[in-house]
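Here's the letter readout for the chains.
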Amino acid sequence: SENERLLQANNRELTSSFGYPDNAIKTSKYNALNFLPMNLFEQFRKLANAYFLVLVFLQMIPQISSLASYTTVIPLMVVLSITAVKDAIDDLKRHQSDHQVNNRSVLLLVDGRMEEDKWMNVQVGDIIKLKNNECVTADILLLSSSESHGLAYVETAELDGETNLKVKQALSVTNDLEDNLELLSTFDGEIKCDLPNNKLDRFTGILTYKGQKYLLDHDKLLLRGCILRNTDWCYGVVVYTGPDTKLMQNSGKAIFKRTQMDQLLNVLVLWIFLLLAIMCFIIAVGHGIWQSKIGYYFQIFLPWENYVSSSVVSATLIYWSYIIILNTMVPISLYISVEIIRLGNSFYINWDRKMFYAPKNTPAQARTTTLNEELGQVKYVFSDKTGTLTQNIMTFNRCSINGKVYGMHNCHKRLIKKYKKVDFSYNKLANPNFLFYDNTLVEAVKSGDKWVHLFFLSLSLCHTVMSEEKVEGELVYQAQSPDEGALVTAARNFGFVFRARTSDTITMVEMGETKVYQLLAILDFSNVRKRMSVIVRTPEDQLLLFCKGADTIICELLHSSCKDLTNVTMEHLDDFATEGLRTLMVAYRELDVTFFQAWRHKHSVAYLSLEDRENKLSIVYEEIEKDLMLLGATAIEDKLQDAVPETIITLSKAKIKIWVLTGDKQETAVNIAYSCSIFEEDMDGVFMVQGNNYETICQELRTARAKMKPESVLESDPTNICLPMKPKIVPDEVPKGRYGLVINGYSLACALEENLELELLQVACMCKGVICCRMTPLQKAQVVQLVKRYKKVVTLAIGDGANDVSMIKAAHIGVGISGLEGMQAMLNSDFSFSQFHYLQRLLLVHGRWTYNRMCKFLSFFFYKNFVFTLVHFWYAFYNGFSAQTVYDSWFIACYNLIYTSLPVLGLSLFDQDVNETWSLCFPELYEAGQHNLSFNKKKFMDCVLHGIYSSFVLFFVPMWTICSSECSDGKDISDFQTFSLIVQTSLMCVVTMQIALKTTYWTVMSHLLIWGSLGFYFCMLFLLYSDGLCLMFPNIFQFLGVARNSLSETQLWLSVVLSTVLCVIPTVGYIFIKPLLFPVSVDKVGARQLPRIRHCMKYPVPPPKRARLKRPSFRRSAYAFSHQQGFGAIITSGKMTKLRSKKKDKLLRKSHLMLVSHHRFQASSQTSNVEGVERDSVGLPPARGRVSSCPARLPGLSGSFQGVTCEALVGRGGSRGERA
Amino acid sequence: MAMNCNPKDEVDGGPPCAPGGAAKTRRPDNTAFKQQRLPAWQPILTAGTVLPTFFIVGLIFIPIGIGIFVTSNNIREIEIDYTGTEPSSPCNKCLSSNVTPCVCTINFTLEKAFEGNVFMYYGLSNFYQNHRRYVKSRDDSQLNGDPRALVNPSKECEPYRRNEDLPIAPCGAIANSMFNDTLELFLITNDSDPTPKPILLQRKGIAWWTDKHVKFRNPPGEGTLEERFKGTTKPVNWPKPVYMLDSEDDNNGFINEDLIVWMRTAALPTFRKLYRLIERTDDLHPTLPAGQYYLNITYNYPVHSFDGRKRMILSTISWMGGKNPFLGIAYITVGSISFLLGVVLLVINHKYRNSSNTADTMAF
């Protein structure tokens, strides 16, 4: 039917009748035949190119053609061909990549045999075989796999950037086909499913096989682009191919970002058009008058053309003629030069060794080459936390066991660099990457301290980590959260090695001795419980419960006998928290067998109950998790990336505001904010916005504002309430004091929905630092858009995970950290590098330089074109407004493209007003860009006025020089050609001098380009005016001998010198006097304070030591769990433990599955009830272990914003359960 | 771009790939160019460099200006307007075209003798030789002696391209409008001797060397000039064809210097063109001694209709050309302004440096 796709496995005849596309993809735009027309069409869609095309056509009309058409055709051809070559190269790359992808080989089931074929030959309905680590060829329905229960694991990094494995599961009926080729080739299931769409987490269909109907969902669909992992083989039937695959459906056009400069340029070009029209109008009127006063009578020598009947007709024609002549006001090479400059400056970013991260062998990358100058204007930085500010590496740093602290304080570690690492050689299974700096702990372990042993035993038993041992002795842990991994690794190194688990046992190597513990129950983690426990039977037949969790919770559950120990441990915890460590308390309990048996019964009753299971379970859990004995506490460092606090301090000095948008919890986020200096101890206050309805949030915001700036509440009150009067731009307000703001995702969603956005923005923008926690990807983007909409500033978003993609795309500039969380963020970013602290270099050095270069370039570029063109305007008054050009037409053709393009490109590629060290030392220099001071409409007007002045000089000085004057041998020099030559030469000299004045960094290249271009001009002069060339084409090269005759004249040179000096002197004076009268920071630091800077460079002031105050304890509860439901259920269900026991009773298997899916349903609905937004907001990948209840979110792929929206809405609405 | 799913593929721009693959470092090259550390000279406009520049410009420009001004002032020049629009003018009679050829005479006195070579110019005003359509109305190929262009002139020459189906040589509006007054100069030696002494006016040596010898050439071929121009006709306004412009062969046809001078179109509507040369005879006598002269004009060229003016100019020459006070005055002015600006800046700098210094100290 129309809304369904129908196919049958192993039936090409049927499926081909539906005309599904084959599996070949095509991302290229052109082929050899259509390249020229299509590319030209694309190019002429650009306003500037179209304009010049129109000009070329205008020039073809003899009645108004005032210039030889080559003056426009040649530059246009050059510009078009450069772009065409670039496009061609790009497209060629795409062709190659398409070709490579299409020709990959795949195993195809043909006539009962597996045959190798190319990807592009795969058809809908084919059955293909995939092997481990292979790419999924198309969207296929999983039929069977080598793993138990028909499971297949896929990595979806290409699709959504999440590196964790996802589980897919075949229908049991198809899984029975196994790898039996005979069965597979007779498989004739009919599939009815959705039409191709771009929703990666949606797939519904019905499989009809042997008269039975089976429901299909996206759990059974392997998407193209995924990689098969941990699965020896699998078979599948192809459902969507090539362009129909979800991957291709999603690879829509990338969002095209334009810089503010681009927009400004477009406005300016329009202004220029307007100016052009006005000038041409003035001239046309002048011509009309001239024609009736003089031209009419001058007909004895110059009769009117026969098509000119009156001076009005003539004036109309002249209007167009001047449009042609003055076309150079709109510089044809503007756009292409801008592109070249950006490209060049992008290369500098790629080439920067100081942004190269050796450990990962990753250089910085400018992935978009069109945004560079905006890097110099950033005002707001939106940063992800996990993986961006932090490394997302948790290290077990310290612990407190039975009232004794082990491990070194971070600061000590830094001070005593040679401090000995602990030697773990006694333990063969130790992880060599694990570092610890306190030998006393090892000694305690070795000496057999009971508490220490119990402590580590508890760490190595109480978790949901999976272990994998591919090579004997090389353990790899798959942890749900890095915190947990760190704890288990720590225990492992100290000699309590968690080696393997089955659904009901845990194999341990305790101090070299292998022991098997019976796993009796996992009391899983949840956000309410904030703890997890395991109950094990030791080999000594002891029943033990181990529990770890947030200190606040555990404290309540401790046995009263632990009181003293608790107090000591709490002190230690305070200590740890001050260092910014994430803490957990560890406790245990010995269980009585009869008590446990009774409890176990209650547990299974609760477990199997259908209603309110979660709640019942937690009540049961509470029964056993009490009277715990405290073992100690762990402290895990959420390691910041290198130099993050320093970077943030530098950026703040550059008046860049940093907002942290994270999916993480509030406590963790605030902790990190402190440790990376976004918040400081001595701030005047930190406001928390936690309300979940309009009134509370409003109240919280008002209070905050009243504190920061009392007067602002009164005056802006009404504006915020009456929404129709929303202001376009929210002005900056200066608070008294420095404040911080913390807002959580739920309140944010509320604020945005309830029209509190302006209020929120006002408060947030007054704060020094803003932390938004528990954010969904969509909300991250919303925050960015909020700032973008109401603040006329440049925003930058930096992040590393798939959940940052939306904000990276929303911000003016997106920066991707190529980190641990896959490469989705990077692929969607404009710039990418591996370390957060490269950001300061990107902004303060590269950004600032590019911005300055671009501004210098633009102001000079406009200037030189105005000077060049406006001379014609003045000349019009002396030639009867007849559209006579001042210059030789060859000069017009070459001026922009050859004579003046290279020096200005040189300027914009090599200039540095302040070198990199100063840029970083004086971040204040960056402010000029934020306020757009270096090039704006005012500066443009300056260029216009300067151009008018210079052109005036350049016209009238030569004019009065040659006016009724003669050569030194008495012959004519007042002729037109000599005049042209003088003006041209003066113009070249003036332009060269002006660019020399603009250049502040004279490299060899600058000298070469600047003086070389002037030299080249003179060479060209002699070439173009040479006898040979002129005699060959007398009508094209008419200026024979002019150079020789005129350049030997003293008068002419005196005139050139005079014009140059007249044009340059005001500039020099202005450059000199500007910093004196109107100092901006650049001049203050740059030009006049040079000695001071040099002094600073020589004797650097040591950075002020920040006093570490004891922090208030509310921040301490940074417990080390991710915020997801644990693996517990899956472990106990035995699903993840890869028992290849196909002989197991199938019934049992089914019951397991039922249980799991049932549990899934419950878990999901529970999650959404408790904290709806939460799971989306987590910075970590969603529910790893849960077989599939979490749909793969794909914010990374364009067009999927929608998907995210749905996700968020569903989450908030609490109706998530429906989907499971 | 979306299609890189083989983990071993190096994704374009992706992170470093395939551990175990050749550990090729992607560290950028350490070249001064790539690291933007090219050795450079960083001039800074400080008071120490800018202020002296202003004074130096002033100090150089003022003397040069004075030099040029004096030189220009020492040039002898006399200009006689003979358009004849004023009723009192002797040439007034020629305005009405019924008298042909109309000859008029204008008397004038040289107060001081003209030493050295003297140049006679004709000057035209309000004559738009720089009008676009006028400027392009020529065929350089034809003037260069190209036989094809001779019989088939460029379209640019319209409407003076063909006349009665014969190609015009030289074609175009410029050639057609060639100046054709004849000027003769006579010295009235003394009052006692009424017979005026004609001044010898050189017709050759008035055009640029390159124009005369390279740019303008007669059509090639054997025989007389008339034969070489066969098949062409004279410009409409001309009384005689191009090969009859002069009696001497090396100044006839396209290489006639009057024609060449005229064809070098002026940049401005008021211009002068070299008409004749009065060579210095010997060192003892001035070329044109002080005294009474009269100018004999054969008045052919109509400029009255478009308010044009015609002048005859006699001028001596200096190392830097003819009389032109502009450069001298401009140099003196610019020099003085520069000097003055230097002083002003010095004062401003002195005043503001102190105040902004303190501010900066506070800022740092």
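About the cut-offs
Residues numbered from 1 in each chain as written. Chains lettered and ligands numbered in written order. Predicted model: local features only at pLDDT ≥ 70, side-chain atom pairs only at ≥ 80, totals over all residues. Heavy atoms only, no water. UniProt positions renumbered as here; feature names shortened; annotations may be inferred. Domains from an automatic or database assignment. Buried < 20%, exposed > 50% of the residue type's maximum accessible area, 1.4 Å probe, protein only. Helix = DSSP H or I, 4+ residues; strand = E, 2+ residues; numbered from the N terminus. Pairing = 2+ DSSP bridges. Right-handed = clockwise from strand over helix to strand, strands pointing away. Patch = residues over 30% accessible without salt bridge, like charges linked within 9 Å, V, L, I, M, F, W, Y side chains within 5 Å. Areas by Shrake-Rupley, 256 points an atom, 1.4 Å probe, with all protein chains shown as cover. Salt bridge = Lys/Arg side-chain N within 4 Å of Asp/Glu carboxyl O.

Named according to an unreviewed UniProt entry, chain B is Cell cycle control protein originating from Cavia porcellus. What UniProt states about chain B under its Sequence similarities (unreviewed entry) heading is, verbatim, "Belongs to the CDC50/LEM3 family."

Chain A is annotated in an unreviewed UniProt entry as Phospholipid-transporting ATPase of Cavia porcellus. Its UniProt record gives chain A the following Sequence similarities (unreviewed entry) comment, quoted word for word: "Belongs to the cation transport ATPase (P-type) (TC 3.A.3) family. Type IV subfamily." Regarding chain A, the UniProt comment filed under Catalytic activity (unreviewed entry) reads as follows: "ATP + H2O + phospholipidSide 1 = ADP + phosphate + phospholipidSide 2."

Asker: In this structure, what is going on with the domain arrangement of chain B? I would like to understand it.
Answerer: One frequently used descriptor of interface size is the decrease in accessible area upon assembly of the parts. Under the domain assignment, chain B is made up of domain 1 (49–75 + 321–347) and domain 2 (80–316). Between domain 1 of chain B and domain 2 of chain B, the C-alpha centre-to-centre distance is 38 Å.

Asker: Even after reading the chapter, I still don't get the pairing of strand S31 (residues 794–799) of chain A, so can you show me in this structure?
Answerer: Regular strands place side chains that alternate from one sheet face to the opposite one. All names here are of chain A. Along S31, six of the six residues are buried, which leaves the element largely enclosed by surrounding structure. Of the two faces of S31, both are covered, the one formed by Val794, Leu796 and Ile798 as well as the one formed by Thr795, Ala797 and Gly799. Bridge analysis of strand S15 (residues 378–383) against S31 gives five bridges, and the strand direction is parallel. Within S31, the position partnered with Phe382 by the bridge is Ala797. You can see the chain leave S31, run along helix H27 (residues 805–810) and come back into strand S32 (residues 813–817), and the turn it takes is right-handed.

Asker: Sorry if this is basic, but what is going on with the UniProt feature "binding site: Mg(2+)" (unreviewed entry) in chain A here?
Answerer: Residue and element names in this part refer to chain A. Here, UniProt's "binding site: Mg(2+)" (unreviewed entry) annotation points to Asp384, Thr386, Asp800 and Asp804. These annotated residues cover 421 residues of sequence, but their C-alpha atoms sit close together, with the largest distance between any two at 10.4 Å. For Thr386, the position within the fold is in the loop between S15 and strand S16 (390–401). You can see Asp800 is positioned in the loop between S31 and H27.

Asker: What should I look at first to understand the pairing of strand S6 (residues 182–188) of chain B in this one?
Answerer: Residues and elements named next belong to chain B. Sheet analysis places S6 next to strand S9 (residues 291–299), joined by seven bridges and oriented antiparallel. Residue Thr182 lies in a different strand from S9, and its bridge partner there is Thr298. In this sheet, strand S7 (residues 197–198) lies alongside S6 in antiparallel orientation, the contact comprising two bridges. The partner of Leu187 across the bridge, within S7, is Lys197.

Asker: I keep staring at a nonpolar patch on the surface and nothing clicks. Help me out?
Answerer: All names here are of chain A. Judged by side-chain polarity, Leu274, Ile278, Phe281, Ile282, Val285, Ile289 and Phe877 come together as a nonpolar surface patch covering roughly 660 Å² of accessible area. Tracing the backbone through its elements, the reader meets Phe877 in the loop between helix H29 (838–876) and helix H30 (889–899). A relative accessible area of 39% places Phe877 in the partly exposed class.

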